[in-house]
Amino acid sequence: QVQLAESGGALVQPGESLRLSCAASGYTGVFTVMAWYRQAPGKERELVAGITTGAERKYADSVKGRFTISREKAKNMVYLQMNDLKPEDTAVYYCNAPTARQTYWGQGTQVTVSS
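Every value quoted in this text rests on a predicted model; they were computed, and no experiment measured them. (Residues numbered from 1 in each chain as written. Predicted model: local features only at pLDDT ≥ 70, side-chain atom pairs only at ≥ 80, totals over all residues. Heavy atoms only, no water.)

### Side note on unusual backbone geometry
Logical step 1: You will see that Ala55, though not glycine, has its phi angle at about 70°, which is positive.
Logical step 2: The residue Ala55 is located in the loop between β5 (46-52) and β6 (57-59) in this model.
Logical step 3: For Ala55, a relative accessible area of 39% gives the class partly exposed.
Logical step 4: The backbone of Asp84 shows a phi angle near 50°, a positive value even though the residue is not glycine.
Logical step 5: Mapped onto the secondary structure, Asp84 falls in the loop between β8 (77-82) and β9 (91-98). (Helix = DSSP H or I, 4+ residues; strand = E, 2+ residues; numbered from the N terminus. Buried < 20%, exposed > 50% of the residue type's maximum accessible area, 1.4 Å probe, protein only.)

Have a look at this one:
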């Protein structure tokens, strides 16, 4: 059974940093794409960052220059380094791994940025 498990969410003040981790288990291959999404209250879930097996990266405009996505392919782990956090970054962050057969999601981890 494939599972994605996020960790690292916390309550922080504006300008601080967090590192989110996602550990995938139960998958025999390597995910071609892994990504982070987030959903804030009253808003649709949005793509924050994605990374391919070739280390190509995509970021939402709102986080470019502040967030960095990385992965360890052999372990099927993905990370999101979040710097200079802003109140508008407050959301539940979800790990995502789409495949041809099924899209996998983690349970989410709460990030709250407030002074």
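### Details of the side chain of Asn76
Logical step 1: Here Asn76 shows up in the loop between β7 (67-72) and β8.
Logical step 2: Asn76 gets classed as buried once you look at its relative accessible area, which sits at 5%.
Logical step 3: Polar contacts involving the side chain of Asn76 include one to the main-chain amide nitrogen of Phe31, which spans 3.4 Å.
Logical step 4: Other than its neighbours up to four places away in sequence, Asn76 contacts Cys22, Ala23, Ala24, Tyr27, Gly29, Val30, Phe31, Met34 and Arg71. (Polar contact = N/O pair within 3.5 Å; in protein donor to acceptor, adjacent residues only side chain to side chain. Contact = heavy atoms within 4.5 Å.)

### A word on the nonpolar core
Logical step 1: Counting 30 residues, the largest nonpolar core has Trp36, Leu80, Met82 and Tyr93 as its most contacted members.
Logical step 2: Setting aside its immediate chain neighbours within four residues, Tyr93 contacts Glu6, Leu20, Trp36, Tyr37, Arg38, Val48, Phe67, Leu80, Met82, Gly108, Thr109 and Val111. (Core = buried A, V, L, I, M, F, W, Y, C linked by side-chain atoms within 4.5 Å.)

### A short note on the state of the cysteines
Logical step 1: Summed over all chains, the structure comprises 1 disulfide.
Logical step 2: Here Cys22 is linked by a disulfide to Cys95, with a sulfur-sulfur distance of 2.0 Å. Classification of the bridge connecting Cys22 and Cys95 rests on its S-S torsion, roughly -85°, and on that basis the disulfide is left-handed. Here Cys22 is found in strand β3 (residues 18-25), whereas its partner Cys95 is found in strand β9, with 73 residues between them in sequence. Across the pair, Cys95 and Cys22 agree in class, each one buried. (Disulfide = S-S within 2.5 Å.)

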